[in-house]
Amino acid sequence: MSQPASPHARPAGSESIVAAIEPHTGWHVAHLFYAFDRQRLAALSAEARAAGAAEFQATLAPAGAGAPTRLQTWLVPGHKADFAVVAMDPSPLAVDAIHQRLLAGPLGAALVPTWSFVSLTEVSEYVPTVEQYGRRLVEEGEVEGSASWKAKVQGYASREDAMRKARLEPELPPWPNACFYPMNKSRVLGANWFTLPFAERMRLMAEHGRTGMSFGGRVTQLITVSVGLDDWEWGVTLWAKRPDYLKEIVYTMRFDEASARYAEFGPFYTGFVATPAEILAHCRVT
Ligand code: 76R
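What you are looking at is a predicted structure, and each value in this text was computed from that prediction instead of being measured.

Looking at the pattern of salt bridges
This structure, assessed with the given rule, holds 11 salt bridges. We note a salt bridge from R101 to E55, for which the minimum N-O separation is 3.0 Å. Note that R101 is positioned in helix α4 (residues 92-104) and E55 in helix α3 (residues 46-59), a separation of 46 residues in sequence. Residue R101 is classed as partly exposed on the basis of its relative accessible area of 31%. Members of the salt-bridge network, linked through shared partners, are E200, R203 and E257.

What follows is the structure, given as structure tokens:
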């Protein structure tokens, strides 16, 4: 006689939990924000504090044992947090392990998780295919089939695979100024993004993309999707060569119809990329 099915059993033939919680393409992403609790920090013995500092640095070392594929730490100015961790990996458990290890370490009792955002990398449906890109060039005044049209289309075709990979498995740019904010596309009457026809959304996102591209070499965006995963629809992570470029891009985009009419924003966090040791020193922990 067969055993009654365990409530936790997976259907026969299903993948292991480890494989089944990895996306088909792309990575899990977490933006984690913490503050130090000064009273609890002061209550730690000198030994616990030193051990805590060592464990903090080992946990957040980008190439450390068991580290997620991408790991970056930011100093966060203002009262919202003292520091932030950005982690990415195909496995959500490898990403969350950072959070658990921080809290389980000797400094854990003195850490206050202030905010977090969980999302996935993706290729937006508005990233044009080569054909769509060719048509877009014609709308912008290029003559289809001309030498310059052909060169641009071929250039795009040769970049396309790398661009898609860069969205799914992003490299972190070497720029120290970062910012993060979640956003939604509005669903209010008269400005409901989700009732617009696809062609109109594509037109608006093409305008958005042109603005974005004008910041090439100064700002890099990482858009991660959180529809169905967290309280907002997308997370916007920006890195810039200089902090004023962050202000400039966000302000400039406010005038793009896609943002002016349809974007709703959550809390903004500023960050300065810093090593775990720099964070501990700056926050007067060590
Ligand atoms: O991927 C591409 O290069 C194609 C063009 C493009 C898409 C499809 C693009 C380019 N973005 C796309 C999608 Mn973007 N982006 C934001 C914000 O503050 C605001 O007003 C909005 C926040 C910024 C600052 C920004 C920057 N973009 C998206 C989406 C997904 C929509 C969907 O799938 O439904 C969102 C939510 C979004 C928001 N965008 C660019 C930039 C920049 C700098 C570029 C230039 C290309 C690059 O650097 O990648």
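Next comes the rest of the account.
Let's talk about the coordination of the manganese atom of the ligand
Every protein donor of the manganese atom of the ligand is accounted for by H208 (NE2) and Q221 (OE1), and the metal-donor separations fall at 2.2 to 2.7 Å. Around the manganese atom of the ligand, the six donor atoms sit at angles spanning 77 to 180°, and that spread fits a shape best called octahedral. Of this pair, H208 sits in helix α7 (residues 198-213) while Q221 sits in strand β8 (residues 219-225); the two residues are 13 residues apart in sequence, bridging distant segments of the chain. For Q221, a relative accessible area of 35% corresponds to the partly exposed category.

Observations regarding the pairing of strand β2 (residues 70-75)
Burial within β2 is extensive, with six of its six residues counted as buried. Bridging between β2 and strand β3 (residues 83-89) involves six bridges; their strand directions are antiparallel. Paired with Q72 across the two strands is V86, which belongs to β3.

Here we look at the confidence of the model for the protein
Averaged over every residue, the pLDDT of the protein is 94; the share at 70 or more is 94%. With pLDDT under 50 throughout, residues 1-8 is counted as low confidence; its partners more than four residues away or in other chains account for zero contacts.

Parameters at a glance
Residues numbered from 1 in each chain as written. Predicted model: local features only at pLDDT ≥ 70, side-chain atom pairs only at ≥ 80, totals over all residues. Heavy atoms only, no water. Salt bridge = Lys/Arg side-chain N within 4 Å of Asp/Glu carboxyl O. Helix = DSSP H or I, 4+ residues; strand = E, 2+ residues; numbered from the N terminus. Buried < 20%, exposed > 50% of the residue type's maximum accessible area, 1.4 Å probe, protein only. Donors = N, O, S within 2.8 Å, 3.2 Å for Na, K, Ca; no water. Tetrahedral: all angles 85-135°; square planar, octahedral: opposite > 155°, others 65-115°. Pairing = 2+ DSSP bridges. pLDDT = per-residue confidence, 0-100. Contact = heavy atoms within 4.5 Å.

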